[in-house]
Protein chains: 2
Amino acid sequence: MTQRQDDKPGSKQKPDILSADIVAQSRLFKIEQLELKFSNGELRTYERMRGSGRGAVMIIACPDAEHFYLVREYCAGTHDYQLGFPKGLIDPGEDIMTAANRELKEEIGFGARRFIALKSLALAPGYFNATMHIVLAFDLYAESLEGDEPEPLELVRWCRSHSDALLQQADFTEARSVAALLLAQQYLEANPDVFEQTA
Amino acid sequence: MTQRQDDKPGSKQKPDILSADIVAQSRLFKIEQLELKFSNGELRTYERMRGSGRGAVMIIACPDAEHFYLVREYCAGTHDYQLGFPKGLIDPGEDIMTAANRELKEEIGFGARRFIALKSLALAPGYFNATMHIVLAFDLYAESLEGDEPEPLELVRWCRSHSDALLQQADFTEARSVAALLLAQQYLEANPDVFEQTA
């Protein structure tokens, strides 16, 4: 154990990947087994998921200074309905903001004229290489696109001043939505004039 | 699209699971294919990962009112080193706080006499049923346990007042660590006397 008072990343020597093999595969998932040699000579077998590498977006869409939009959607992993921010994979050829605008139109029936990128989040980097870009959206306008959802998503308009109640909500638990909420609140409190600007 | 001004969860009727089959499997991962019938009659095929159901803990350990501990660890999913809070799976028979104390001893060489649960976070509920319990730890004491890490983790002591710098750090991106940092800051700012209490 090394203890450091401050921080300079990037000094660690990565383990060597001695071999990498796909050991299981389905329509959506690809599991890779890695044989690793750490810089101290330790040998280990790891597994990781190979993703599409396309990245995803999550959008906090603000119709005004006091509200944002959430959707309630079926989640197969937990077999229940979860409340969260609109999100989706970036399509081939799209940039982040184009994908964000498309997802908004598909999921909540609005486009946005102005986006601000907050932070890019990793899922669980021990096992996945999946990045989600968190963006704020302003200057909304009504426009719908057909999505691939099996049923209409439930749209929920939430009061920014009731964010603590949202954190208490039993169906608002996804780490990326929680991080997005807190990052957005932090940004909007520090930049209250963002609502007065125009695209 | 249904628009609602306030929120009452639990009213949605879940889809029926017509069949569930394991379609791919490795040492760590199990992929299940679901045939679903939504309440509007739509039929869809989904895939999800079956987890151990054991849950995990992530710990923000505070040696004093001004600092917390981070670790820098190799992540196979991204093949790089990531900075984050100590974390790990709950072992069979352990409760959340016992697991948190064991992980602290294994990863940073401290135990803790007092824990406060902040929130339980889901990974990506569309695909996983994985819960991580975020806890604060106080009243630390030096004690080490042998972990299963291939190399010693790098321990980083971070100033609470420099949390914004941590959010800018290129290797601090895991959604659960970002959510944990912001939840901890919110709690500690609202409860400054938590450092004066004893176990």
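Residues numbered from 1 in each chain as written. Chains lettered and ligands numbered in written order. Predicted model: local features only at pLDDT ≥ 70, side-chain atom pairs only at ≥ 80, totals over all residues. Heavy atoms only, no water.

1. Description of the relation of the copies chain B and chain A
Superposition of the two copies of the chain requires a rotation about an axis together with a shift along that axis.
Stage number 1. Aligned on chain A, chain B shows an RMSD of 0.0 Å; the corresponding rotation is 180° and the shift along the axis is 0.0 Å. One copy is carried onto the other by what is essentially a two-fold rotation axis. It is Ala 179 of chain B whose C-alpha, among those of chain B, lies nearest the rotation axis, at 2.2 Å.
Stage number 2. Taken together, the interface assignments show that 99% of the residues at the interface of chain B recur at the interface of chain A, consistent with an identical surface on both copies. (Least-squares fit on C-alpha atoms with pLDDT ≥ 70 in both. Contact = heavy atoms within 4.5 Å.)

2. Quick word on the sheet that holds strand S10 (residues 131-142) of chain B
Residues and elements named next belong to chain B.
Stage number 1. What the four strands build is an open sheet, ordered S8-S5-S10-S9; its pairing is mixed. One side of each edge strand has no neighbouring strand; the edge strands of this open sheet are strand S8 (87-89) and strand S9 (110-122). Averaged over neighbouring strand pairs, the angle between their axes works out to 25° when direction is ignored.
Stage number 2. Pairing of strand S5 (residues 56-61) with S10, which is carried by six bridges, proceeds in the parallel orientation. By the bridge assignment, Ala 56 is partnered in S10 with Met 132.
Stage number 3. Across the sheet, helix H1 (residues 96-107) touches S5, S8, S9 and S10, and the angle it forms with S9 is around 120°. (Pairing = 2+ DSSP bridges. Helix = DSSP H or I, 4+ residues; strand = E, 2+ residues; numbered from the N terminus. Axes fitted to C-alpha atoms, helices over the stretch in contact; angles between N-to-C directions.)

3. Observations concerning the domain arrangement of chain A
Frequently, the measure chosen for interface size is the accessible area that the parts lose on association.
Stage number 1. Domain annotation for chain A reports domain 1 (16-50) and domain 2 (56-194).
Stage number 2. In this structure, domain 1 of chain A and domain 2 of chain A have C-alpha centres spaced 32 Å apart. (Domains from an automatic or database assignment.)

4. Quick notes on the pairing of strand S5 (residues 56-61) of chain A
Residues and elements named next belong to chain A.
Stage number 1. With six of its six residues buried, S5 lies for the most part within the structure.
Stage number 2. Side chains Ala 56, Met 58 and Ile 60 project from S5 onto one buried face, and the interleaved Val 57, Ile 59 and Ala 61 project onto a second face that is buried too.
Stage number 3. In the sheet, S5 pairs with strand S8 (residues 87-89) via three bridges, with the strands oriented antiparallel. Residue Val 57 lies in a different strand from S8, and its bridge partner there is Gly 88. (Buried < 20%, exposed > 50% of the residue type's maximum accessible area, 1.4 Å probe, protein only.)

5. Structural notes on the pattern of salt bridges
Stage number 1. In total, this model carries 32 salt bridges over all chains according to the counting rule given.
Stage number 2. One salt bridge connects Glu 32 of chain B with Arg 50 of chain B, and the closest N-O pair in it is separated by 2.9 Å. One end of the pair, Glu 32 of chain B, is in strand S3 (residues 30-37); the other, Arg 50 of chain B, is in the loop between strand S4 (43-49) and S5, with 18 residues separating them in the sequence.
Stage number 3. With relative accessibility at 5%, the residue Glu 32 of chain B sits in the buried group.
Stage number 4. Accessibility expressed as a relative area gives 41% for Arg 50 of chain B, which makes it partly exposed.
Stage number 5. Each of Arg 54, Asp 91, Glu 94, Arg 102, Glu 103 and Glu 106 of chain A takes part in one network of salt bridges that share partners. (Salt bridge = Lys/Arg side-chain N within 4 Å of Asp/Glu carboxyl O.)

6. Notes on the interface of chain B and chain A
Stage number 1. The interface is formed by 85 residues belonging to chain B together with 84 residues belonging to chain A.
Stage number 2. At the junction of chain B with chain A, the criterion picks out two salt bridges.
Stage number 3. In this structure, Glu 47 of chain B and Arg 27 of chain A form a salt bridge, with 3.9 Å as the shortest nitrogen-oxygen distance.
Stage number 4. Linking chain B with chain A are 32 residue pairs in polar contact (both at pLDDT 80 or more).
Stage number 5. A total of seven residues in the side of chain B that touches chain A trace back to one element, the largest contributor, which is helix H3 (residues 175-190) of chain B. (Polar contact = N/O pair within 3.5 Å; in protein donor to acceptor, adjacent residues only side chain to side chain.)

7. Digging into the environment of Phe 110 of chain A
Residue and element names in this part refer to chain A.
Stage number 1. Tracing the backbone through its elements, the reader meets Phe 110 in strand S9 (residues 110-122).
Stage number 2. For the pair Phe 110 and Gln 197, spaced 87 residues apart in the sequence, the C-alpha separation amounts to 19 Å.
Stage number 3. If near-sequence neighbours (up to four positions away) are discounted, Phe 110 is found in contact with Tyr 69, Asn 101, Leu 104, Lys 105, Leu 140, Tyr 141, Ala 142 and Glu 143.

8. Some remarks on the sheet that holds strand S3 (residues 30-37) of chain A
Residues and elements named next belong to chain A.
Stage number 1. With antiparallel pairing, three strands are arranged side by side in an open sheet as S2-S3-S4. Strands with a single pairing partner mark the edges of an open sheet, and in this sheet they are strand S2 (16-25) and strand S4 (43-49). Going from strand to strand, the sheet's axes swing by 20° on average, the running direction of each strand aside.
Stage number 2. The pairing of S3 with S4 spans seven bridges and is antiparallel. Bridged to Lys 37 within S4 is Leu 43.

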